[in-house]
Structure formats: structure tokens, C-alpha cells
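What follows is the residue order along each chain.
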Amino acid sequence: GALSSAEIAGFLAKVDEYTNALRAAAANTVAAADPVMQANAASASLKRDLGIGGMPVAATVEQPNRAGILVFGVNSGSIAQRSGIIIGDILYEFDGHPVKALAELQAAVAACAANSTVAIKLYRGMNAMAVAARF
């Protein structure tokens, strides 16, 4: 049930990228006084967001069923955090549909109805489990 060194290196690179993006976003909050920026932020907040950073991982010979999205960041207070998703989980199914690319997951999340509950299947270590996400 171990990750390969390439997966670990990719994971650590994405953690650094995610941390840097959070720092940049915090620095940009100063620009929030701009009315155009506020309008853009308001329209962005209407989009559904699971609240994770992730990268696709492919199945391997040793783990043929572990393809999905490796979670490398979970936003505080996000739907993902409230659902129990943690860093290191591999999401492989969203609302009954397999997800192997981040774009597939983002499209599925965007299609969720308000106040809906969706089943998410994931691997945590070697264990398959399911969580429910409420939008």
C-alpha cells in the first residue's frame, strides 16, 4: 500500500504549489477594495466547489484499482473538510460516476444541485470508503 517515490515527489511539489497559491490569494485580498474584483469574487462564489487541491493518479500493476484524484490540499471550512476528506485520500467516484481527472471532478461538482447530498467514494490508505458531501 505504499506510494511510489514519483507519487511522493509529485505530491510534495503540489503541496508547495498549493501553499504558494494560498499565500498569493492572501496577498490579493488587499485588491478586494476594487469594485470589479469584488464582482468577480461574487460570481466565483456562486460556483460550487468541493474545496480540495488534487492531482490525477493512475492505477499501477500493484494497485490496479487506485486511479483517481490524489488530494493534496483541503480548504478549511470547505465541503470536503466537512465531509471528512483528508490529504492523501484518492477520490475515485463522485455521485456514482468514476473520476480520473480533476476536470471531471470539477464538472461533476459544478453540476450538483443546491442542498443536495452526493456520495463520494475514496481510498484512504488501502481501505475503500464512502463519504457524503452536502452542497
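Preceding this paragraph is the structure being described.
All values reported here derive from a predicted model rather than from experimental measurement.

## Observations regarding the nonpolar core
Note on soluble globular proteins: their nonpolar side chains tend to be buried together.
Working step 1: Core analysis: the biggest nonpolar cluster contains 19 residues, and Leu-50, Ile-52, Ile-85, Leu-91, Phe-94, Leu-105 and Phe-135 have the highest contact counts within it.
Working step 2: Mapped onto this core, the elements with two or more residues apiece are β2 (68-74), α3 (79-83), β3 (90-94), α4 (102-110), β5 (117-124) and β6 (127-134).
Working step 3: Discounting residues that sit within four places of it in the chain, Phe-94 has contacts with Val-99, Leu-105, Ala-108, Val-109, Cys-112, Val-118, Ala-119, Ile-120 and Phe-135.
Working step 4: Met-55, Ile-90, Tyr-92 and Tyr-123 belong to the second-largest nonpolar core, a separate cluster that totals eight residues.

## Digging into the pairing of β2
Working step 1: The element β2 is largely enclosed, with a buried count of six among its seven residues.
Working step 2: Bridge analysis of strand β1 (residues 52-57) against β2 gives six bridges, and the strand direction is antiparallel. Paired with Pro-56 across the bridge in β2 is Ile-69.
Working step 3: Bridge count for β2 against β3 is two bridges, and the pairing is antiparallel. Its bridge partner lying in β3, Ile-69 is registered against Leu-91.

## Re unusual backbone geometry
Working step 1: Within the chain, Asp-95 stands out as a residue other than glycine whose phi angle is a positive 55°.
Working step 2: Here Asp-95 shows up in the loop between β3 and β4 (97-98).
Working step 3: One non-glycine residue, Asn-115, adopts positive backbone phi at about 60°.
Working step 4: Here Asn-115 shows up in the loop between α4 and β5.

## Some thoughts on the pattern of salt bridges
Working step 1: Taken as a whole and assessed by the stated rule, the structure comprises two salt bridges.
Working step 2: The residue Asp-89 makes a salt bridge to Arg-124 at a minimum N-O spacing of 2.7 Å. Linking Asp-89 in the loop between α3 and β3 with Arg-124 in strand β5, this pair joins segments that are 35 residues apart in sequence.
Working step 3: Here Asp-89 falls in the buried class, since its relative accessible area comes to 1%.
Working step 4: For Glu-93, the salt bridge identified is with Lys-121, shortest N-O distance 3.6 Å. Here Glu-93, found in strand β3, pairs with Lys-121, found in strand β5; they are 28 residues apart in sequence, far enough to count as distant.
Working step 5: Accessibility expressed as a relative area gives 19% for Glu-93, which makes it buried.
Working step 6: The class of Lys-121 is partly exposed, set by a relative accessible area of 33%.

## Section: the packing of aromatic side chains
Working step 1: The full count for this structure, using the stated rule, is two aromatic pairs.
Working step 2: Residues Tyr-92 and Tyr-123 carry aromatic rings whose centres are separated by 4.4 Å and whose planes lie at 25° to one another, so their mutual orientation is stacked. In this pair, Tyr-92 sits in strand β3 while Tyr-123 sits in strand β5, placing the two residues 31 residues apart along the sequence.
Working step 3: Judged by relative accessible area, Tyr-123 falls into the buried class, the value being 13%.
Working step 4: A centroid spacing of 6.2 Å and a plane angle of 70° characterise the contact between Phe-94 and Phe-135, whose relative ring orientation is edge-to-face.

So, how was this worked out
Residues numbered from 1 in each chain as written. Predicted model: local features only at pLDDT ≥ 70, side-chain atom pairs only at ≥ 80, totals over all residues. Heavy atoms only, no water. Core = buried A, V, L, I, M, F, W, Y, C linked by side-chain atoms within 4.5 Å. Buried < 20%, exposed > 50% of the residue type's maximum accessible area, 1.4 Å probe, protein only. Helix = DSSP H or I, 4+ residues; strand = E, 2+ residues; numbered from the N terminus. Contact = heavy atoms within 4.5 Å. Pairing = 2+ DSSP bridges. Salt bridge = Lys/Arg side-chain N within 4 Å of Asp/Glu carboxyl O. Phe/Tyr/Trp six-rings, centres within 6.5 Å; stacked < 30°, edge-to-face > 60°.

Worth remembering: the numbers are spatial, not functional.
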